[in-house]
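# Residue-level structure breakdown
The residues making up each chain are set out below.
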Amino acid sequence: MAQTDRNRILRAARQYLPQRIETITAVPAPPGSPGGLHDFYSQADYFWPDPKNPDGPYINRDGQSNPLNFNNHRAVMIQLSVRMPALTAAWLLTGDSQYAQQAGNYLRAWFVTTATRMNPNLQFAQAVKGVSTGRSYGIIDTLHLVEVARAASFLGRETFSPAEIESVKQWFREYLAWLKTSAPGQKERDALNNHATCWALQASEFARLIGDEETRDEIRRWFAGTLLTSQLAEDGSFPKELTRTKPYSYSIFNFDVMAGLAQSLKGSGMDLTTFSLPDGRGLCRAAAFLYPYLKDKSKWPYSKDVEHFDTLPVRSPGLLFAGLACRRAEYIALWKTLNPDPTDNEIIRNYPIRQPLLWV
């Protein structure tokens, strides 16, 4: 992995070293938005003004993102998720402390410093004008903190004081508690599609950072007993994603998050990267279903996505994790050929793992 990604990582990290660090406090939400300066706010992507009632509640157009919705908080969080793990990976490769220090500066700004930190909840995410000031679906926005938490676990006293390390962990401890106990968090956990998978990947990695093995054990049981039984078909497809207006991208997305979750949960108990139900449903079956269509998109037998179909596929972390777990060299070979740094904003929004060096 170091050999494959070394030049890519160092090129990016050198670029990010001098960049200004921004948190949500640098890009305040529009006047009249719920919450305060430190509260994350976003608007639901697929909601638009009603042509029949332009000043009334927004209406849903599934799969079609409204470019006029407020997106600045999500943009700076994605910036965090792109830069901080790359800097951490560069430090792991080189031992150059400047990369670790700048990665730590991102964590201080977002989770420690009183003036710039984000509040540890997502009460006002993916709001819909005239309908809701925040929805459970918005919890998917902090999928971009998963690799930040993973990267943070590699940083120690060369970067932080003990008090700062504890402050970062306390933020994730409080956010995980909100994910598990709040009404939006519990609703998202109990979703029947990729939203539940994304909730689980977040909870797993945040729990990993703070040493909460009880939560991780709960998620291991959910993976085997609920994810595989309720979302994955015997042919390896995700039927609930195939009914969407973007079935190709949502199938890849849920596969990548599922594979990331199995990888995240490695360490104790059963290895979910190789686990399967008696009927064969598991990560290897999901990978076998998608592999032909990642290799040759023209063979996709279902509907084309209403948007962004032409910019896929990109480098799928699921291909890498499944290739290693299922001993399929062809998956890894294909993974190496795909674009690791997409530029399409919609693809970036649904791209949870960018630095596999931190995961294998």
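So, here is what we can say about the structure in this document.

The helix and strand tally for the protein stands at 14 helices and 4 strands. Taken over the C-alpha trace, the protein has a radius of gyration of 20 Å; the compact-globule value for 360 residues is 21 Å, and the two agree within 12%. Taking the principal axes of the C-alpha coordinates as reference, the protein spans close to 60 × 50 × 40 Å. Split into buried and exposed, the 360 residues of the protein put 58% on the buried side.

What follows is about the environment of Asp256. Within the secondary structure layout, Asp256 lies in helix H10 (residues 247-264). Look at Asp256 and you get buried, because its relative accessible area is 3%. Taking C-alpha positions, Asp256 is 33 Å from Ser33, a pair spaced 223 residues apart along the chain.

This next bit is on the packing of aromatic side chains. In total, this model carries 17 aromatic pairs according to the counting rule given. Relative to Phe206, the ring of Phe172 lies with its centre 5.1 Å away and its plane at 50°, an arrangement referred to as tilted. One end of the pair, Phe172, is in helix H5 (residues 162-181); the other, Phe206, is in helix H7 (residues 194-210), with 34 residues separating them in the sequence. In this structure Phe172 comes out as buried when scored by relative accessible area, which is 0%. Considering the side-chain rings of Phe289 and Tyr293, the 5.6 Å spacing of their centres and the 70° angle between planes classify their relative orientation as edge-to-face. One end of the pair, Phe289, and the other, Tyr293, are both in helix H11 (residues 283-295), 4 residues apart, so they sit about a helical turn from each other. Residues Phe289 and Tyr293 agree in their burial class; the two are buried. An aromatic cluster of at least three residues, connected via ring pairs, comprises Trp110, Phe111, Trp171, Phe172, Tyr175, Trp178 and Phe206.

Here the focus is helix H12 (residues 317-325). Burial within H12 is extensive, with 8 of its 9 residues counted as buried. Residues of H12 that are buried: Pro317, Gly318, Leu319, Leu320, Phe321, Ala322, Gly323 and Ala325. Tucked into the core, H12 has its buried residues touching H10, H11 and helix H13 (329-337).

Moving on, we come to the side chain of Glu147. Within the secondary structure, Glu147 sits in helix H4 (residues 146-152). Here Glu147 occupies a buried position and makes no salt bridge, while the nearest side chain of opposite charge, Arg354, is found at 5.3 Å. A polar side-chain atom of Glu147 sits 3.0 Å from the main-chain amide nitrogen of Gln355. Those residues in contact with Glu147, other than ones at most four positions away along the chain, are Ser81, Pro85, Pro352, Ile353, Arg354, Gln355, Leu358 and Trp359.

Further remarks concern helix H3 (residues 97-111). Compared with the 21 Å implied by 1.5 Å per residue over 15 residues, the 21 Å span of H3 between its first and last C-alpha is a close match. Listed as buried for H3 are Tyr99, Ala100, Gln102, Ala103, Gly104, Tyr106, Leu107, Arg108, Ala109, Trp110 and Phe111. Tucked inside the fold, the buried residues of H3 contact helix H1 (2-16), helix H2 (72-94), H4 and H5.

The rules behind each value
Numbering of residues starts from 1 in every chain and runs along the sequence as written. A pLDDT threshold of at least 70 governs which residues receive local features in this predicted model, and a stricter bar of 80 or more applies before side-chain atom pairs are shown or counted, although totals over entire chains, interfaces and linings include all residues. With hydrogens and water excluded, all non-hydrogen atoms of the structure serve as input to the side-chain values. In DSSP terms, a helix is any run of H or I states spanning at least four residues, a strand is any run of E spanning at least two, and both are numbered starting from the N terminus. The globule rule used here is 2.2 Å times the number of residues to the 0.38 power, and the radius of gyration it is set against is calculated over C-alpha atoms. Categorising residues by exposure relies on relative accessible area from a 1.4 Å probe, with only protein chains included: less than 20% of the type maximum marks a residue as buried, more than 50% marks it as exposed, and the intermediate range marks it as partly exposed. Side-chain rings of Phe, Tyr and Trp (the six-membered ring for Trp) are treated as a pair once their centres are within 6.5 Å; stacked means planes under 30 degrees apart, edge-to-face means over 60, and tilted covers the remaining angles. By definition in these notes, contact holds between two residues if any of their heavy atoms fall within 4.5 Å. By the counting scheme adopted, Arg and Lys are positive, Glu and Asp are negative, and His together with the chain ends is not counted. Salt bridges are defined as contacts in which a side-chain nitrogen from Lys or Arg sits within 4 Å of a carboxyl oxygen from Asp or Glu. Any N or O atom pair separated by 3.5 Å or less is treated as a polar contact, with the protein-specific requirement of one donor-capable and one acceptor-capable atom, and with residues adjacent in sequence counted only for side-chain atom pairs. Between the first and last residue of a helix there are one fewer steps than residues, each counted as 1.5 Å, and that sum is the expected span.

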